[in-house]
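Coordinates in review
Listed below, chain by chain, are the residues.
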Amino acid sequence: MSSEWPLWEVFIRGQHGLNHRHVGSLHAPDAEMAIKNARDVYTRRNEGVSIWVVKSVDIAASSPSDKGPLFEPSNSKVYRHPTFFSIPDEVGHM
Amino acid sequence: MYAQLVKSEGKKSAEEMSPEERAFQDRVDRGEKIEPKEWMPEGYRKTLIRQIGQHAHSEIVGQLPEGNWITRAPTLERKAILLAKVQDEAGHGLYLYCAAETLGISRDQLLDKLHDGSMKYSSIFNYPTLTWADIGAVGWLVDGAAIMNQVPLQKTSFGPYSRAMIRICKEESFHQRQGYDIMMKMAQGTPEQKAMAQDALNRFWSPALMMFGPSDKESVHSAQSMAWKIKIDTNDELRQKFVDQTVPQAEYLGLSIPDPNLKWNEEKKGYDFSEPDWTEFFEVIAGNGPCNRERLGARVKAWEDGAWFRDALVAHAEKDAARRAAARVAAE
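Below you will find a few notes about this structure. (Residues numbered from 1 in each chain as written. Chains lettered and ligands numbered in written order. Predicted model: local features only at pLDDT ≥ 70, side-chain atom pairs only at ≥ 80, totals over all residues. Heavy atoms only, no water.)

**With respect to the packing of helix 4 (residues 76-101) of chain B against helix 5 (residues 107-115) of chain B**
Residues and elements named next belong to chain B. Here is the rule: Where helices are involved, their axes are fitted lines through C-alpha atoms of the stretch in contact, as for all axes, and angles between N-to-C directions lie from 0 to 180°. Helix and strand assignments follow DSSP, with helices taken as H or I runs no shorter than four residues and strands as E runs no shorter than two, numbered in order from the N terminus. With respect to orientation, any angle under 35 degrees is reported as roughly parallel, any angle over 145 as roughly antiparallel, any angle of 65 to 115 as roughly perpendicular, and every other angle as oblique. It only takes one pair of heavy atoms within 4.5 Å for two residues to be counted as in contact. Side-chain classes follow a simple rule in which Ala, Val, Leu, Ile, Met, Phe, Trp, Tyr, Cys and Pro form the nonpolar group, Asp, Glu, Lys and Arg form the charged group, and the remainder, Gly included, forms the polar group.
Interaxial distance between helix 4 and helix 5 falls to 9 Å at its minimum, and their mutual angle equals 110 degrees. Overall, the two elements helix 4 and helix 5 adopt an arrangement that is roughly perpendicular. Between helix 4, through Leu94, Tyr97, Ala100 and Glu101, and helix 5, the contact on the second element is made entirely by Arg107, Leu110 and Leu111. For the contact of helix 4 with helix 5, the residue count by class is 5 nonpolar, no polar and 2 charged.

Right, here's the structure in full:
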């Protein structure tokens, strides 16, 4: 039979109350084994306090060709950044 | 090095490139990272699969000569350290297989190619580890040579490969230091122990120099790979750097480099040294090194003997998923 184990994406929360962050991927037959393998492969040197695993096929991703339509509109909207507005020094910290 | 003699294509001039190829080359030149789903020349994809695959295979096969000594390490501490190192190598193989997989080939396909001999692994792992001092020499010289190659590859243009290299480099310096630590202990030990350390250096020096591959100054494959930033330095540059770095380390140990032509060259601010025996190198690559059959045999046996286990875990996962689905239906 020999079917290939599915691919999982691994997310680890570091020590400091950060978000889970993508660290890599691995193969495992199911979620339980994926977490065990992720522990062995990605946290051998105290890299984390929590692990998420997600089957790679379940991740939906934006397409590289959509980069323009998706992200360019925000380029012109500089007023979304606080530095767009100049506040007189006399007003103090804002 | 960990990837030797990787075939690429002849380098294209700007006029020969299609508009897409030119835009791609511009991105690489600007130092942008290329991600898996983005457009890339077919040659770039194929060369990377060969290179990353060969690198991954080297990590996995590289576990064998060291695994040989886990049960015979001289102390419990040395044994625990060696276990951790060999476990790291498995992890490095995994990072690299995953990076290769983003290019549209599966890990099992890559392993098939290793097992049927159509993909290679580094020539260095076809040499035997005869004594405990060899474990020191492997860490010091083989991992040292690997670091030489891997540090610049952190800047490679392909995102997943670059990220794998960054992780690997973080872990790799532990490997070299543990090897040097073994060599120090032996070199400062009894005369017999020091002789073992010298013997290990004698046997591993030349194979370590071969890890960088033959001179590729004039190679068109290399020129293309360098333009694509999947190769950063020439083989000769890396070999020179390795020799310059290693000679003082050997001097500290009180061991001598087995090369009568080794001499400091003030003009080039580096050592002159003898070329390794390239006939031997090509023999080893062709499958005729001292341990080729044993190494590949061990990999194939592990893969075949483990098939029932991999299948059993899949069967268990499928049954479990079906059970959960049935329980959900029953609850509704």
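**Observations regarding the nonpolar core**
Our working definition: Side-chain atoms within 4.5 Å link the members of a nonpolar core, which is a set of buried Ala, Val, Leu, Ile, Met, Phe, Trp, Tyr and Cys residues. Each residue gets one of three labels from its accessible area relative to the maximum for its type: buried under 20%, exposed over 50%, partly exposed in between, using a 1.4 Å probe on protein chains only.
Residues Leu26 of chain A together with Tyr44, Ile52, Phe158 and Phe242 of chain B are the most contacted members of the largest nonpolar core, which totals 90 residues. Looking at which element gives the most residues to this core, the answer is helix 6 (residues 132-153) of chain B, with 11 residues. Among all residues touching phenylalanine 242 of chain B, those that are not within four sequence positions of it are Leu141, Gly144, Ala145, Met148, Trp205, Ala208, Leu209 and Phe212 of chain B.

**Observations concerning the interface of chain A and chain B**
You'll often see interface size given as the accessible area lost when the parts meet. The following threshold applies: The term buried area refers to how much accessible surface (probe radius 1.4 Å) is lost by two components on association, counted for both of them together. A pairing counts as a salt bridge when a side-chain nitrogen of Lys or Arg comes within 4 Å of a carboxyl oxygen of Asp or Glu. In protein, a polar contact requires one atom able to donate a hydrogen and another able to accept it; more generally it is a pair of N or O atoms within 3.5 Å, and residues adjacent in sequence count only if both atoms are side-chain atoms.
Contacts between chain A and chain B engage 21 residues on the former and 21 residues on the latter. When chain A packs against chain B, the two sides together hide about 2000 Å² of surface, and 53% of this comes from carbon and sulfur. Looking only at chain A, the three residues that lose the most surface to chain B are Glu4, Trp5 and Arg44 of chain A, adding up to 26% of its buried area. Our count for the contact surface shared by chain A and chain B stands at 4 salt bridges. Residues arginine 44 of chain A and aspartate 88 of chain B are paired through a salt bridge, measuring 2.7 Å at the closest nitrogen-oxygen approach. Linking chain A with chain B are 10 residue pairs in polar contact (both at pLDDT 80 or more). Those elements that provide at least two residues to the side of chain A that touches chain B are strand 2 (20-27) and helix 1 (31-42) of chain A. Among the residues forming the side of chain A that touches chain B, the class breakdown is 11 nonpolar, 4 polar and 6 charged.

**So, a nonpolar patch on the surface**
Residue and element names in this part refer to chain A. Note the threshold: Surface patches are defined over residues having more than 30% relative accessible area and no salt bridge, joining like charges when they lie within 9 Å and nonpolar side chains (Val, Leu, Ile, Met, Phe, Trp, Tyr) when within 5 Å. In these tables, accessible area is a Shrake-Rupley quantity obtained with a 1.4 Å probe, and a residue counts as shielded only by the protein chains included in the view.
There is a patch of nonpolar side chains on the surface, built from Val78, Tyr79, Phe84, Phe85, Ile87, Val91 and Met94 and spanning about 740 Å² of accessible area. Mapping valine 91 onto the fold places it in the segment after helix 2 (67-71). The class for valine 91 is partly exposed, based on a relative accessible area of 48%.

**As for the sheet that holds strand 2 of chain A**
All names here are of chain A. So the rule is basically this: Between any two strands, pairing holds if DSSP finds at least two bridges.
In space, the 3 strands of this open sheet follow the order 2-1-3, with antiparallel pairing throughout. Looking at the sheet topology across the chains shown, the edges are occupied by strand 2 and strand 3 (50-55). Mean inter-strand twist for the sheet, computed between neighbouring axes without regard to direction, equals 30 degrees. Summarising the sheet, strand 1 (residues 7-13) and strand 2 pair through 7 bridges and their orientation is antiparallel. Considered in strand 2, the bridge of valine 10 is made with glycine 24. The strands touched by helix 1 within the sheet are strand 1, strand 2 and strand 3, with strand 2 carrying the most contacts at an inclination of about 105 degrees.

**Digging into helix 10 (residues 235-253) of chain B**
Each α-helix turn comprises 3.6 residues. Residues three or four places apart therefore point the same way. All names here are of chain B. Heads up, the condition is: Each residue after the first adds 1.5 Å to the expected span of a helix.
Over its 19 residues, helix 10 extends 27 Å from the first C-alpha to the last, a length consistent with the 27 Å expected when each residue adds 1.5 Å. Residues of helix 10 that are buried: Asn235, Asp236, Leu238, Arg239, Gln240, Phe242, Val243, Thr246, Val247, Ala250 and Leu253. With its phi angle positive at about 75 degrees, glycine 254 sits one or two positions after the end of helix 10.

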